[in-house]
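Structural description and commentary
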Amino acid sequence: MGKKSAKNRSILIYCSNTDNSKQVEKDLRKKLELAGFNVETDFADKKDDNLTLTDDVELIICIGGDGTFLRAVHYFGFPNVPFIGVNTGHLGFFQEIMPDQLDLLIDNYIKEKYTLQKMQTVKAIVNHDDVVEEFTGLNEFIVKGEDNYSVHLNISIGGGFIEKFSGDGILISTPAGSTAYNYSLGGSLVDPRIKLIQVTPIAPMNTTAYRSLTSPLLLPPDLALGIVPDEGGSKGRMAIAFDGFGRTFDKLDSIEVMLSEVTVNLMRFESYDFWAKVKSKFI
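Notes on the packing of aromatic side chains
- Using the criterion set out here, one finds nine aromatic pairs in the structure.
- Ring geometry for F69 against F94: centres 4.7 Å apart, planes inclined by 25°, an arrangement best described as stacked. Linking F69 in helix α2 (residues 66–75) with F94 in the loop between β4 (83–87) and α3 (102–110), this pair joins segments that are 25 residues apart in sequence.
- Between F135 and F242, the aromatic rings sit 5.1 Å apart at their centres with planes inclined by 40°, giving tilted as the arrangement. Residue F135 is found in strand β6 (residues 131–137), and its partner F242 is found in strand β13 (residues 238–242); the two are separated by 107 residues along the sequence.
- The class of F135 is buried, set by a relative accessible area of 7%.

Details of the packing of helix α1 (residues 19–34) against α3
- Following both chains from N to C, one finds α1 and α3 inclined at 35°, their axes separated by 10 Å at the closest point. At the point where α1 passes α3, the crossing takes the right-handed sense. Here V24, D27, L28, K31 and L32 of α1 come into contact with α3, specifically with L102, D103 and I106.
- By residue class, the composition of the contact of α1 with α3 is five nonpolar, no polar and three charged.

Observations concerning the environment of V257
- Topologically, V257 is positioned in strand β15 (residues 254–269).
- Judged by its relative accessible area of 0%, V257 is buried.
- Separated by 31 residues in the primary sequence, V257 and G226 place their C-alpha atoms 6.5 Å from one another.

Things to note about the nonpolar core
- V126, F141, L153, I172, L225, I240 and I255 are the most contacted members of the largest nonpolar core, which totals 26 residues.
- When contributions to this core are tallied by element, the ones reaching two or more residues are β5 (114–128), β7 (140–145), β8 (151–157), β9 (160–173), β10 (197–204), β12 (225–229), β13 and β15.
- For this core, the element with the highest residue contribution is β8, accounting for four residues.
- In contact with I172, not counting residues within four places along its chain, are V122, N139, E140, F141, I197, Q198, V199, L225, I227 and V257.
- Ranked by size, the runner-up nonpolar core spans 22 residues in total, among them I13, V24, L59 and V86.

Cut-offs used in this document
- Residues numbered from 1 in each chain as written.
- Predicted model: local features only at pLDDT ≥ 70, side-chain atom pairs only at ≥ 80, totals over all residues.
- Heavy atoms only, no water.
- Phe/Tyr/Trp six-rings, centres within 6.5 Å; stacked < 30°, edge-to-face > 60°.
- Helix = DSSP H or I, 4+ residues; strand = E, 2+ residues; numbered from the N terminus.
- Buried < 20%, exposed > 50% of the residue type's maximum accessible area, 1.4 Å probe, protein only.
- Axes fitted to C-alpha atoms, helices over the stretch in contact; angles between N-to-C directions.
- Left-handed = near helix turned anticlockwise from the far one by under 90°.
- Contact = heavy atoms within 4.5 Å.
- Nonpolar A, V, L, I, M, F, W, Y, C, P; charged D, E, K, R; others polar.
- Core = buried A, V, L, I, M, F, W, Y, C linked by side-chain atoms within 4.5 Å.

None of this, on its own, says anything about what the molecule does.
Below is the structure:
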């Protein structure tokens, strides 16, 4: 690939509110402006939930941890604009580079020495109180009981009944989300090049009274997971969560979860290797 001029090219920096992140933002802004880019910054602590991108922004750089990255993806509405992350957080699985690699970021971007990794998202269609709402998550979608109650859920796959689940809840993750909460629940790590959703039980009951599947399930992209709360078993309000965002409902009628056609473009340098990153983060 050739080298493009940075003149009249716009980059948005989305930054967490820590002192470390703010210092990295200052350094990165200065370097980008010296390279000829137009730079705009938004901070993750802003209360505006309707952040928008101008048409001329061609790259979003997220400074923070994985939570900052996920918040940016949601607040900008899962845009086609590619993202790259600078890790000032903890795990930083989405984040591509460290703060001491800012010059490498700018050089690789100008010289187009990168690829775009398309990250699949998960979509949930939620029926409640005669209302239908749709939610999208990059990592996962979770169904749990409110106030720490266990839940009893009728589970179907592709329209066919599978089981009545009893336990703390159900997590449905994308390959991207397989390294997050899913992994802490004993779910499998999934290479992001594989197109599937993983269904992982949260503290399932498996006794003489309740029989639940206790291991994760892997579903192909053309099958949806159906969830209907069991009226005779579940108590109180139900809660859903997706990428750290959440809602509670007095009455959930049904939920259908499936892979979404929406993707997130994550910039990766030529040296990126998923399993090398797994080794560096988890082993």
